Amino acid sequence: MSRAERPAAEPAAASELDGLEALAGLDGLNGLADAEDPSAAPPGAETPAEARRAARERPRGWVSRVFARRGAGERAVGGAAGDDAGAPEQLLRAGDPDFAGPIVQLDDVTRFFPGPPPVNALRGVNLTVERGDYLAIVGPSGSGKSTMLNTLGLLDRPSTGRFQFEGIDVASLSDDERSALRGRAVGFVFQSFHLMPTRSVLENVMLAGTYAGLTRDEREPLARTALDRVGLSHRVEFSPNTLSGGERQRVAIARAVCTSPRLLLADEPTGNLDRENSASIMRLFDELGQDGLTIVMITHDAAVADSAQRRVRINDGELSELS
Ligand SMILES: Nc1ncnc2c1ncn2[C@@H]1O[C@H](COP(=O)(O)OP(=O)(O)OP(=O)(O)O)[C@@H](O)[C@H]1O
């Protein structure tokens, strides 16, 4: 199994949903593939126009609660309506796209797993990622790459040290706030694509908008634009199973970028691709980087790492900058 697909604290069977839960920030929510559209508001819920007006009036960098859990294993519901009608709307901090400082700032971050055996997976890591950086993280197996990615993707918390995302100290966020920030600000691309085989290409990409709290009407045009961006507008109604590996990864990238995340995390994005498809995916990353997207990519492939603007090495949990 590849890195960020693994839950941070406990190993689990590889499944399509692992990565999707990471995308969603809906840790522990079961039945995701079959869940009803969470943005389909029940009768009496606020209309899309009302929701947009309310969103405009919120303080910058905050979102209203998008998902509520009714109980263990039950599906997500939309907004503050439905069974929650009458409950006060909950505002969650979800980062600030206009924050002028670094998007990521790690100060003396450690991650300790008590084991047995005990492991210091990250040791005193300092890292600043500026908006628009395109960074590759390289390192041998077991060096801490996936722990770094889980941390940056708000899937795991440092044991000690400080992690600031767009100036917010992540330690001060509640679980719901971390999920909201992840859903709004972070896009994930995995080695093994994590596409739903029973859904069309378009539906797979639209799923990302669900997790960002968008209505169906808002999601479809964004998904079509993203698919156009990755050169797949002629494949929207296809099943992912009928696509080549390179095309599947393009769908996954479209899904990752369709809601305009501020940080794209890529875990061995070319690991399952041949040389030609790898080069084409790297060109796409270059273009996304030139468009201003901040990208952090883990790779074993030196040629792939060379395509990034900046490289860091991780060795036994310690990070060092490469020239
Ligand atoms: N949940 C966990 N519990 C205990 N130890 C863990 C856990 N996750 C990671 N580790 C340990 O932390 C160290 C770093 O693991 P990590 O998965 O981050 O390495 P990696 O560089 O991603 O490796 P690979 O390239 O093989 O995927 C390893 O020694 C690993 O066994």
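As the structure is a computational prediction, the values presented were derived from the model and not from experiment.

How each quantity is defined
Residues numbered from 1 in each chain as written. Predicted model: local features only at pLDDT ≥ 70, side-chain atom pairs only at ≥ 80, totals over all residues. Heavy atoms only, no water. Pairing = 2+ DSSP bridges. Helix = DSSP H or I, 4+ residues; strand = E, 2+ residues; numbered from the N terminus. Axes fitted to C-alpha atoms, helices over the stretch in contact; angles between N-to-C directions. Contact = heavy atoms within 4.5 Å. UniProt positions renumbered as here; feature names shortened; annotations may be inferred. Parallel < 35°, antiparallel > 145°, perpendicular 65-115°, else oblique. Left-handed = near helix turned anticlockwise from the far one by under 90°. Polar contact = N/O pair within 3.5 Å; in protein donor to acceptor, adjacent residues only side chain to side chain. Nonpolar A, V, L, I, M, F, W, Y, C, P; charged D, E, K, R; others polar.

1. Considerations on the sheet that holds strand β14 (residues 318-322)
Line of reasoning, step 1. Strands sit in the order β10-β11-β12-β7-β13-β14 across an open sheet of six strands; the sheet is mixed. Edge positions in the open sheet fall to β10 (186-189) and β14, since each of these has one partner strand only. Between one strand and the next, the sheet's axes are offset by a mean angle of 20°, whatever the strand orientation.
Line of reasoning, step 2. Sheet topology note: the strand β7 (residues 134-138)/strand β13 (residues 310-315) ladder contains four bridges and is parallel. Its bridge partner being in β13, V138 is matched across the sheet by R313.
Line of reasoning, step 3. Against the sheet, helix α3 (residues 145-152) engages β7, β11 (263-267), β12 (294-298) and β13, with an angle of about 155° to β11.
Line of reasoning, step 4. Strand contacts of helix α4 (residues 175-185): β10 and β11, with the helix running at about 70° to β10, the strand carrying the most contacts.

2. Side note on the UniProt feature "domain: ABC transporter" (unreviewed entry) in the protein
Line of reasoning, step 1. Residues annotated by UniProt as "domain: ABC transporter" (unreviewed entry) correspond here to residues 104-322.
Line of reasoning, step 2. Overall, residues 104-322 shows 36% helix and 27% strand. The separation of its end C-alpha atoms is 18 Å.

3. Some words on the packing of helix α7 (residues 245-257) against helix α8 (residues 275-290)
Line of reasoning, step 1. Across the interface, α7 lies against α8 with an axial gap of 10 Å and an inter-helix angle of 20°. Comparing their axes, α8 and α7 come out roughly parallel. Considering how the two elements wind past one another, α7 and α8 form a crossing that is right-handed. Contacts between α7 and α8 pair G246, Q249, R250, I253 and V257 from the former with N277, S280, I281, L284, F285 and L288 from the latter.

4. Looking at the side chain of Q105
Line of reasoning, step 1. Of note, Q105 is situated in strand β5 (residues 104-113).
Line of reasoning, step 2. Only 3.3 Å separates the side chain of Q105 from the side chain of D107, close enough to count as a polar contact.
Line of reasoning, step 3. In this structure the side chain of Q105 is engaged in a polar contact, spanning 3.2 Å, whose partner is the side chain of T128.
Line of reasoning, step 4. Setting aside chain neighbours within four positions, we find Q105 in contact with L127, T128, R162, F163 and Q164.

5. Quick notes on the packing of helix α5 (residues 201-211) against helix α6 (residues 216-229)
Line of reasoning, step 1. Contact geometry of α5 with α6 gives a least axis separation of 8 Å together with a crossing angle of 120°. Between α5 and α6, the crossing angle belongs to the class labelled oblique. In the packing of α5 onto α6, the handedness of the crossing is right-handed. Side by side, α5 and α6 meet where V201, L202, V205, M206, G209 and T210 of the first sit next to R216, R219, E220, A223, R224, A226 and L227 of the second.
Line of reasoning, step 2. Split by residue class, the contact of α5 with α6 holds seven nonpolar, two polar and four charged.

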